[in-house]
Amino acid sequence: MDTKEFSPEEQEFIKELNAAGMPEDLADWLDQEGPVPPAGSLNRIKERTMSRSSCKKRMPFWYAFSIRVAAAVLILAVVFTIAAGPQKVVAGIEGLLRYVPGFTAGISVEDGEEPGFLAAASPLVVESGKKRLEILGLCGNNEKTDLHIRATNVWRIDARFEKPYLIDEDGAKLLTKSSHTYSGGNGPVEGWFRFAPLPQDTSYVQLVIPGHEELTTRIYLVKGDSLAGLDEVGISASAQGITITAVPELRDTELVTNLVFQLDHPKSKVVSVGDYPRQKTLPVLKDDTGKVYELLENNTQNLRFAAVDAASDVLNLAIPALVIEEPGEARVKLPIPEEGASHVLNKSVSLGRSTFTITKVQTLNGRVLQVNVDLGKPTLRTLIGFKVDPVSDHPSWGWMAKLDQQTGQILYFKIYPDNLSEGNEVELIFKKPTVQVDGPWTFEIDRAQITNTVYRAAVSQEEARGRTWEEIGKSLFKQHLERFQAPEFADQARLEAYRINTVQVTELKENGFVFTVDFDVKPTVPHTYWTAGNGRMEGDWIKGKVQFVTVVKTQDSYYISGMGTGP
């Protein structure tokens, strides 16, 4: 909806909402005298906000249409609660903010609002042998369905003619319409996939990755107003007018903490959580014994730490600093000194909410202009950089910056304008100021309240009492095979029947054991992935298949941690 369709009073109210700031500021803001829309305007403003807030997420790479999640959510929450009066705004705002797993964002809905919005209620992890598939999130509305997954030891999840697809509960297949994947070296592959919209009454979908049908899984969906409130699954901390909500997920191989930001300035965005060159600014995770866990991955969506010890009851997460890109632009004309000469300026530049000084310019090698800057002393909110562009088009334009390794601030930058020697000045555009905001933001995570999302065969310690290693191994492998008889599995992976012939323990370990199993399977369709590896076809059965299975023992249970056709 175009803002020109609103009355001047409504436009002023929207302007105020856009600049409202943090939830704790809202009650004071609403108590102030100022424009308040008539009751008839609320639905129109809500419609405008909802049109910008359908499947809100912060994502790098792919989503060119990404929006400022926190601001849009905040506006909508105010619209929903303003009629209740200022005293109820803060109490009601968190309940309206729903968490959408896998997209590091929130949506604001009331009962009955956005009936077409569907989402997976929680992440799901499926393992088969060494393969691991994380369904981090799925959400959709009446225009599209988006899927976010991460796969380990699962290659070619985005092959040209064999992309992942969904099957709804009526059996209809939804093919990938667009996708983006990336992999860090030999690490996991992460991908975002877009499909056509699902029917509004859909309760689940099946995800199938061609070539890896054993990872087929059913993803159950809920309506937007059934999602958990952000305050139910998240832990919030505030500093310097910025609130971070951390949503932790405890897994066997790592602790993943998703982050939702509510910033203090319109059109700002978080570009990094700490800075690797300056280790003291990076997030730190400790348990109640003081043990520090390795930070495996750090981006603006989530933090991934190494697996935490089973004995730790409380985890403490500290985020020392954020690096935030803010709006702002300034045009500056600089003199071009003769080659080898320098020109002292001490020119002050106002850039967004920050101010810095251009101290000196000098010409190097006849075609390079070096511009020295003073960005000020580090404080709790420190300008560390910006982007520089020429005012007019320069085909051979380029620039590079020198940073202070202690503060991360730009000390000077060099530009390579193609017409440096043709005039006596150059006009530059400084934009996108980047600031480091120091917290810290601290979170106490009670491990008992975090659910482990991994699906795997397991035998509890109580169930294992009095049983032999072979009996425990047979029970685990029986669970593994029974899972493939479930209706959600694709035909290429599903089993009609199976037989376990022999189980033999080959190695005892301090934290588990290894066994071999000889078994037969009857697939739903012939020539499936079950024919790979070993075994012999006899009619509808594949007989004499052999697997080496590794079992891990924990305080609570025994579970299969890996399997293959060889030791």
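Keep in mind it's a predicted model, so treat the numbers as computed, not measured.

## Focus on the pattern of salt bridges
Then comes step 1: Tallied over the full model, the rule gives 20 salt bridges.
Then comes step 2: One salt bridge in this structure joins Arg150 and Glu134, with 3.3 Å as the shortest N-O distance. Of this pair, Arg150 sits in strand E6 (residues 145-152) while Glu134 sits in strand E5 (residues 131-140), and the two are 16 residues apart along the sequence. The pair formed by Arg150 and Glu134 is uniform in burial state, with each residue classed as buried.
Then comes step 3: Between Lys431 and Asp389 there is a salt bridge, with its nearest N and O atoms 2.8 Å apart. Of this pair, Lys431 sits in strand E29 (residues 425-446) while Asp389 is found in strand E26 (residues 381-390), placing the two residues 42 residues apart along the sequence.

## Topic: the sheet that holds strand E13 (residues 235-239)
Through backbone hydrogen bonds, the strands of a sheet pair up, either in parallel or in antiparallel fashion.
Then comes step 1: Overall, antiparallel pairing links the five strands, which are arranged E13-E14-E15-E20-E19 in an open sheet. Unpaired on one side and paired on the other, E13 and strand E19 (295-298) mark the two borders of the sheet. Neighbouring strand axes in the sheet, compared pairwise and without regard to direction, differ in orientation by 20 degrees on average.

## Examining a negative patch on the surface
Then comes step 1: Taken together, the side chains of Asp288, Asp313, Glu444 and Asp446 define an acidic patch exposed on the protein surface.
Then comes step 2: Locating Asp313 in the fold gives a position in the loop between strand E20 (302-306) and strand E21 (314-325).

## Structural notes on the sheet that holds strand E23 (residues 342-351)
Then comes step 1: Taking strand neighbours across the sheet as the criterion, the five strands line up as E23-E24-E25-E28-E27 in an open arrangement whose pairing is antiparallel. Each edge of the open sheet is held by one strand with a lone partner, namely E23 and strand E27 (399-403). Neighbour-to-neighbour, the strand axes of the sheet open up by a mean angle of 25 degrees, direction not taken into account.
Then comes step 2: Bridge count for E23 against strand E24 (residues 354-364) is eight bridges, and the pairing is antiparallel. Bridged to Val349 within E24 is Phe356.

## Quick word on the pairing of strand E10 (residues 189-195)
Then comes step 1: Counting buried positions along E10 gives seven out of seven residues, so the element sits mostly inside the fold.
Then comes step 2: Side chains Val189, Gly191, Phe193 and Phe195 project from E10 onto one buried face, and the interleaved Glu190, Trp192 and Arg194 project onto a second face that is buried too.
Then comes step 3: Bridging between E6 and E10 involves seven bridges; their strand directions are antiparallel. Bridging across to E10, Arg150 finds its partner in Glu190.
Then comes step 4: When strand E9 (residues 178-183) meets E10, the two strands line up antiparallel, connected through six bridges. Note that in E10 the partner of Tyr182 across the bridge is Glu190.

## Description of the packing of aromatic side chains
Centre-to-centre distance and the angle between the planes together describe a pair of aromatic rings.
Then comes step 1: Within this structure, the stated rule accounts for 13 aromatic pairs.
Then comes step 2: Judged by centre distance (6.1 Å) and plane angle (75 degrees), the rings of Trp469 and Tyr558 are edge-to-face. Residue Trp469 is located in helix H8 (residues 469-483), and its partner Tyr558 is located in strand E36 (residues 557-564); the two are separated by 89 residues in the primary sequence.
Then comes step 3: For Trp469, a relative accessible area of 35% translates into the label partly exposed.
Then comes step 4: Owing to a relative accessible area of 5%, Tyr558 belongs among the buried residues under this scheme.

## Describing the environment of Gly274
Then comes step 1: With respect to the helices and strands, Gly274 occurs in the loop between strand E16 (269-272) and strand E17 (284-287).
Then comes step 2: Since its relative accessible area comes to 4%, Gly274 is described here as buried.
Then comes step 3: Sequence-wise, Gly274 and Ala321 are 47 residues apart; in three dimensions their C-alpha atoms are separated by 5.1 Å.
Then comes step 4: Gly274 has contacts with Thr281, Leu282, Ala321, Leu322 and Val323, leaving out every residue within four places of it along the chain.

## Notes on the environment of Leu303
Then comes step 1: Its location among the elements puts Leu303 in strand E20.
Then comes step 2: Separated by 18 residues in the primary sequence, Leu303 and Leu285 place their C-alpha atoms 10.0 Å from one another.

## Let's talk about the nonpolar core
Then comes step 1: Counting 51 residues, the largest nonpolar core has Ile319, Leu322, Phe356, Ile358, Phe386, Phe430 and Trp441 as its most contacted members.
Then comes step 2: Examining the composition of this core, we find that eight residues originate from one element, E29, more than from any other.
Then comes step 3: Setting aside its immediate chain neighbours within four residues, Trp441 contacts Ala237, Ser238, Ala239, Ile242, Ile244, Leu317, Ala318, Ile319, Pro320, Ala321 and Leu322.
Then comes step 4: Membership of the second largest hydrophobic core comes to 28 residues, among which are Phe484, Ala493, Phe513 and Met563.

## Re unusual backbone geometry
Then comes step 1: Cis geometry is found at the peptide bond from Gly439 to Pro440, where omega equals 0 degrees.
Then comes step 2: Position of Pro440 relative to the elements: it lies in strand E29.
Then comes step 3: Positive phi outside glycine occurs at Asn346, with the angle close to 50 degrees.
Then comes step 4: Within the secondary structure, Asn346 is located in strand E23.
Then comes step 5: Even without being a glycine, Lys432 presents a positive backbone phi close to 50 degrees.
Then comes step 6: As for its placement among the helices and strands, Lys432 is situated in strand E29.
Then comes step 7: Residue class for Lys432 comes out partly exposed when judged on its relative accessible area of 39%.

## Quick look at the side chain of Thr516
Then comes step 1: By secondary structure assignment, the location of Thr516 is in strand E33 (residues 512-523).
Then comes step 2: Contact partners of Thr516, with chain neighbours within four places excluded, come to Thr502, Val503, Gln504, Thr506, Gln547 and Phe548.

## Structural notes on the confidence of the model for the protein
Then comes step 1: Averaged over all residues, the pLDDT of the protein equals 77, while 74% of them reach at least 70.
Then comes step 2: The low-confidence segment residues 19-95 (pLDDT under 50) makes 160 contacts with residues lying over four places distant or belonging to another chain.
Then comes step 3: Ignoring residues within four places in sequence, the model shows residues 110-114, a span with pLDDT below 50, making twelve contacts including any to other chains.

## With respect to H8
Then comes step 1: Here H8 spans 22 Å end to end across 15 residues, near enough to the 21 Å set by a 1.5 Å rise per residue.
Then comes step 2: The complete set of buried residues in H8 reads Ile472, Gly473, Ser475, Leu476, Phe477, His480, Leu481 and Arg483.

Each value, and the rule that gives it
The residue count restarts for each chain, going from 1 along the sequence in the order it is written. Local features in this predicted model are restricted to residues whose pLDDT is 70 or higher, and side-chain atom pairs enter the listing and the counts only when it is 80 or higher, whereas totals over whole chains, interfaces and linings include all residues. Where side-chain values are given, they derive from all heavy atoms of the structure, hydrogens and water being excluded. Here, a salt bridge means any Lys or Arg side-chain nitrogen found within 4 Å of an Asp or Glu carboxyl oxygen. Only DSSP runs of H or I covering at least 4 residues are called helices, and only runs of E covering at least 2 are called strands; the numbering of each starts at the N terminus. Between buried and exposed lies partly exposed: a residue is buried under 20% and exposed over 50% of the maximum accessible area for its type, with that area taken using a 1.4 Å probe on protein chains only. Two strands make a pair as long as DSSP finds a minimum of two bridges between them. Only the contacting stretch of a helix is used when fitting its axis, a line to C-alpha atoms as for every element, and angles between N-to-C directions run 0 to 180 degrees. Patch criteria: residues need more than 30% relative accessible area and no salt bridge. Like-charged residues are merged within 9 Å; nonpolar side chains of Val, Leu, Ile, Met, Phe, Trp and Tyr are merged within 5 Å. Note on areas: Shrake-Rupley with a 1.4 Å probe; residue coverage comes only from the protein chains shown. By the counting rule applied here, Lys and Arg register as positive and Asp and Glu as negative, while His and the ends of each chain are not counted. Just so you know, the charge point we use is NZ for Lys, CZ for Arg, CG for Asp and CD for Glu. A pair of Phe, Tyr and Trp rings is counted when the ring centres sit within 6.5 Å of each other, with Trp represented by its six-membered ring. The angle between the planes then sorts it: under 30 degrees is stacked, over 60 is edge-to-face, the rest tilted. The contact rule is simple, with two residues in contact once any of their heavy atoms fall within 4.5 Å. Among buried residues, the Ala, Val, Leu, Ile, Met, Phe, Trp, Tyr and Cys ones that are joined through side-chain atoms within 4.5 Å form a nonpolar core. Scored from 0 to 100, pLDDT records how confident the predictor is in each individual residue. A helix is expected to reach a length of 1.5 Å times the quantity of its residues less one.

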